[in-house]
Amino acid sequence: MSIDTRFPRQPRLRALRDLAQRTSVLVRFRRDVVGLAVARGSSEAELLVELLRAPGAYRVLRRQNAVLVFRSGSRRTLERVFRCLRPAA
């Protein structure tokens, strides 16, 4: 698994980078890519989800103050990212 700050040309991942400039990274595992952004609070994360949500190949999910953008085929990578996130206190 690797973490990268260079985003590909897919519009949804670019939008994640543009909206959460300093807190977004890409998590790559084999051929899968998951976009991850960490917001200051859950309300800011919810706003980010609403701004990113649109029909298309990518799904948007919020876990506390983390926002994840992924393709439905990236389930294994998504589960690995979930394990790395700190549980709610």
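Before reading on, note that the structure itself is shown above.
Now for a description of the structure that goes with this document. (Residues numbered from 1 in each chain as written. Predicted model: local features only at pLDDT ≥ 70, side-chain atom pairs only at ≥ 80, totals over all residues. Heavy atoms only, no water.)

### Remarks on the sheet that holds strand 5 (residues 66–71)
Thought 1: Across the sheet, five strands lie side by side as 1-2-3-5-4; this open sheet has antiparallel pairing. Edge positions in the sheet fall to strand 1 (2–4) and strand 4 (58–63), since each of these pairs with one other strand and no more. Going from strand to strand, the sheet's axes swing by 25° on average, the running direction of each strand aside.
Thought 2: The sheet contact formed by strand 2 (residues 24–29) and strand 3 (residues 32–38) spans six bridges and is antiparallel. Across the sheet, residue Val27 finds its bridge partner in strand 3, namely Val34.
Thought 3: Sitting on the sheet, helix 2 (residues 42–52) is in contact with strand 3, strand 4 and strand 5, with an inclination near 170° to strand 4. (Pairing = 2+ DSSP bridges. Helix = DSSP H or I, 4+ residues; strand = E, 2+ residues; numbered from the N terminus. Axes fitted to C-alpha atoms, helices over the stretch in contact; angles between N-to-C directions. Contact = heavy atoms within 4.5 Å.)

### Some words on the pairing of strand 3
Taken residue by residue, a regular strand's side chains alternate between the two faces of the sheet.
Thought 1: Counting buried positions along strand 3 gives six out of seven residues, so the element sits mostly inside the fold.
Thought 2: The hairpin turn running from strand 2 into strand 3, its antiparallel successor, is two residues long, and Arg30 in that turn takes a positive phi close to 55°.
Thought 3: The pairing of strand 3 with strand 5 spans five bridges and is classified as antiparallel. From the neighbouring strand, Val38 faces strand 5, where its bridge partner is Ala66. (Buried < 20%, exposed > 50% of the residue type's maximum accessible area, 1.4 Å probe, protein only.)

### Here we look at the nonpolar core
Thought 1: Grouped together as the largest cluster of nonpolar side chains are 16 residues, with contacts concentrated most on Leu13, Leu16, Leu48, Leu52, Val60, Val67 and Val69.
Thought 2: Listed by contribution, the elements that provide at least two residues to this core are helix 1 (11–19), strand 3, helix 2, strand 4 and strand 5.
Thought 3: Broken down by element, the residue count for this core peaks at four residues, all from helix 2.
Thought 4: In this structure, Leu13 is in contact with Phe7, Pro8, Leu26, Val33, Gly35, Tyr58 and Val69, ignoring residues within four places of it in sequence.
Thought 5: With nine residues, the next largest nonpolar core counts Val34, Leu36, Leu68 and Phe70 among its residues. (Core = buried A, V, L, I, M, F, W, Y, C linked by side-chain atoms within 4.5 Å.)

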